[in-house]
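Chains, contacts and geometry: an overview
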Amino acid sequence: MADFECETPVKSLRKQKVCEICKTTIPVGSPARHVVQVFDGEFYSHTVHQDCREAWNWFFAICDFDDPVSWDIFEAFMAEGPDDGIDLLDAARGYFPHVVSRIEFRMTKEVPND
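Scope of this entry: the structure provided in the associated data block.

About the criteria used
Residues numbered from 1 in each chain as written. Predicted model: local features only at pLDDT ≥ 70, side-chain atom pairs only at ≥ 80, totals over all residues. Heavy atoms only, no water. Helix = DSSP H or I, 4+ residues; strand = E, 2+ residues; numbered from the N terminus. Contact = heavy atoms within 4.5 Å. Pairing = 2+ DSSP bridges. Axes fitted to C-alpha atoms, helices over the stretch in contact; angles between N-to-C directions.

Right, let's talk about the environment of Val100 for a bit. Of note, Val100 is situated in helix 4 (residues 97-110). Sequence separation between Val100 and Phe74 is 26 residues, and the spatial gap between their C-alpha atoms is 9.6 Å. If near-sequence neighbours (up to four positions away) are discounted, Val100 is found in contact with Leu89, Ala92 and Arg93.

Two strands in a sheet stick together by hydrogen bonds in their backbones, pointing the same way (parallel) or opposite ways (antiparallel). Taken in spatial order, the three strands make up an open sheet running 1-4-5, and their pairing is antiparallel. Each edge of the open sheet carries a strand with a single partner, namely strand 1 (4-10) and strand 5 (42-48). Going across the sheet, the axis of each strand differs from the next one's by a mean of 10°, ignoring polarity. Note: strand 4 (residues 32-39) against strand 5, seven bridges, orientation antiparallel. The residue of strand 5 that forms the bridge with Val38 is Phe43. Its contacts with the sheet put helix 1 (residues 50-62) on strand 1, strand 4 and strand 5, and the angle it makes with strand 4 is roughly 45°.

Purely geometric numbers; function is a separate question.
Quick look at the structure:
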């Protein structure tokens, strides 16, 4: 749990950013969220897709984490184990289809096929 957190909606980005959650680009003119946190005395500032933030909140609510989890939602899904991670992606598909497609696209690039 963060010691401090402030979240600000951004109607239209002026510069292209990389989403801290899905690690894909957020184009100029897109809506986003700017999140500022202090966690264990460390300052963090993130820009994220709006739907990625909603998916992260959903994911964090259904999973029980003892340790702090990376903001990278791909790493968090895979930390649950490959099979559980895929089950979580399938569960999220109906609520956050764009987030799931960005994660699956990233999986095709980062996870080697057996």
